Amino acid sequence: MSKAQTLGEFIMDRQAEFPFVSGQLTRLLTDIGVAAKIVNQKVNRAGLTSILGASGDTNIQDEQQQKLDVFADDTFMRILSSGKSVCGIGSEERDDFVRCGEHGEGRQGKYIVLIDPLDGSSNIDVNVSIGTIFSIVRRITPMGEPLGEGDFLQPGTAQVAAGYILYGSSTMLVYTTGTGVNGFTLDPAVGEFFLSHPLMIFPERGATYSINDAVKAKSGPATQAFIDGCREAVDAGFRGRYIGSLVADFHRNLIHGGIYLYPSTTDKAHGKLRLLYECSPLAWIAEEAGGLAVDDRGRILDKVPAALHERTPYYVGTRHLVQALMACRLAGPGAFSMDPQGDKSP
Ligand code: P6P
């Protein structure tokens, strides 16, 4: 039996497809794999070492920072900024952008990384799957000049790579560079990620909806009509599944089909999830896998962020389910159908 391809081999093979690249993206993707293995090692032993629990600080989201949040942020920050590929990093755990390189001006390095180092950290202490989400864009400011805010605030269509690491029953790294979505599973015995899920595609149909029920009650009429319709379709196999960890819910829906919703609500007009380092990268993965990702008006990938921690309503998953939700918006609650007529892609 031929050996499965390692992440490093896969990245190098893909570089060969782009003869004019400098190798900086290859180095950056490899560094992400290294940082993921270090974080994974801590996550897997969280119960055994004093890495559980709150750090005592709160982040800019006004969320209680967990010790593992801080460890993951420090690890990705240290490893990504040590290479020559990265000029700047925007992290969920840091109030402002970090400009890398000497004098902290980001004059060198081709790429900007936006990252949620550890998403779903409220699940850490109860041993539920958590994840890392990353997005990579090119700098806009010419090399040699200090980075500006505009280098970081780019739309999802500007991404050159996007992915996530899922620290679950096994640890997986899933990413795209625009030629499909590929999943790699970590073999802890050898400390390598191996290609396990080549060219991941959403199933044609899905029957899972992921939403916090408490949030649903405060959402708009179209979201409520859509969820009520899913609930009534229980005989068609519809079921609710909500882990409370975006990466885990997204990944399950990618494999089995489904839709994840974090809507705008009466108390959170822009929803809860962050555009740059949660919604945009997963939106690109979703579209590359044949799915859709929208907010209350249109395509997530077209949104131009105004701030690092900007939030957005978020509906992502199997194409026909997202279209069914959009049909409820266009033609009102009575429009719920699992087979919306016509192409409603935004
Ligand atoms: P709620 C975790 O904090 C997160 O950002 C996502 O991973 C998750 O889907 C969502 O928030 C959970 O939010 O309001 O349902 O607890």
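From a predicted model like this one, the values you see are computed outputs, not experimental measurements.

1. Regarding the site of the ligand
Line of reasoning, step 1. Taken together, 13 residues are adjacent to the ligand, and Asp119, Tyr242, Leu246, Tyr260 and Tyr262 come closest.
Line of reasoning, step 2. In this structure, an oxygen atom belonging to the ligand sits 2.7 Å away from a main-chain N or O atom of leucine 246.
Line of reasoning, step 3. Contacts to the ligand include tyrosine 260, whose side-chain N or O atom sits 2.7 Å from an oxygen atom.
Line of reasoning, step 4. Notes on the ligand: free accessible area 400 Å², of which the protein chains cover 82%.
Line of reasoning, step 5. A class-by-class count of the residues in the shell around the ligand yields five nonpolar, four polar and four charged.

2. Digging into the packing of helix α1 (residues 7-16) against helix α2 (residues 24-44)
Packed helices, taken two at a time, are described by the angle their axes make and the gap between the axes.
Line of reasoning, step 1. Orientation of α1 relative to α2, taken along the N-to-C sense of each, is 165°, at an axis distance of 10 Å. By the criterion of interaxial angle, the relationship of α1 to α2 is roughly antiparallel. Crossing hand, α1 versus α2: right-handed. Residues Leu7, Ile11, Met12 and Gln15 of α1 lie in contact with α2, whose contacting residues are Thr26, Leu29, Thr30 and Gly33.
Line of reasoning, step 2. Its residues assigned to classes, the contact of α1 with α2 comprises four nonpolar, four polar and no charged.

3. Some thoughts on the domain arrangement of the protein
Line of reasoning, step 1. Structurally, the protein comprises domain 1 (7-197) and domain 2 (208-331).
Line of reasoning, step 2. Summing the contributions of domain 1 and of domain 2, the shared interface buries around 2800 Å²; its carbon and sulfur component is 66%.
Line of reasoning, step 3. Ranking the residues of domain 1 by area buried against domain 2 places Ile133, Leu153 and Tyr164 at the top, with a combined share of 21%.
Line of reasoning, step 4. The residue arginine 274 makes a salt bridge to glutamate 92 at a minimum N-O spacing of 2.6 Å.
Line of reasoning, step 5. Between domain 1 and domain 2 we count eleven residue pairs in polar contact (both at pLDDT 80 or more) in total.
Line of reasoning, step 6. Those elements that provide at least two residues to the side of domain 1 that touches domain 2 are β3 (86-91), β5 (111-119), β6 (130-138), β7 (159-167) and β8 (171-176).
Line of reasoning, step 7. Per-element accounting of the side of domain 1 that touches domain 2 gives the leading share, eight residues, to β7.
Line of reasoning, step 8. Residues that form the side of domain 1 that touches domain 2 fall into these classes: 21 nonpolar, 20 polar and seven charged.

Conventions adopted
- Residues numbered from 1 in each chain as written.
- Predicted model: local features only at pLDDT ≥ 70, side-chain atom pairs only at ≥ 80, totals over all residues.
- Heavy atoms only, no water.
- Near = heavy atom within 4 Å.
- Polar contact = N/O pair within 3.5 Å; in protein donor to acceptor, adjacent residues only side chain to side chain.
- Areas by Shrake-Rupley, 256 points an atom, 1.4 Å probe, with all protein chains shown as cover.
- Nonpolar A, V, L, I, M, F, W, Y, C, P; charged D, E, K, R; others polar.
- Axes fitted to C-alpha atoms, helices over the stretch in contact; angles between N-to-C directions.
- Helix = DSSP H or I, 4+ residues; strand = E, 2+ residues; numbered from the N terminus.
- Parallel < 35°, antiparallel > 145°, perpendicular 65-115°, else oblique.
- Left-handed = near helix turned anticlockwise from the far one by under 90°.
- Contact = heavy atoms within 4.5 Å.
- Domains from an automatic or database assignment.
- Buried area = accessible area lost by both parts, 1.4 Å probe.
- Salt bridge = Lys/Arg side-chain N within 4 Å of Asp/Glu carboxyl O.

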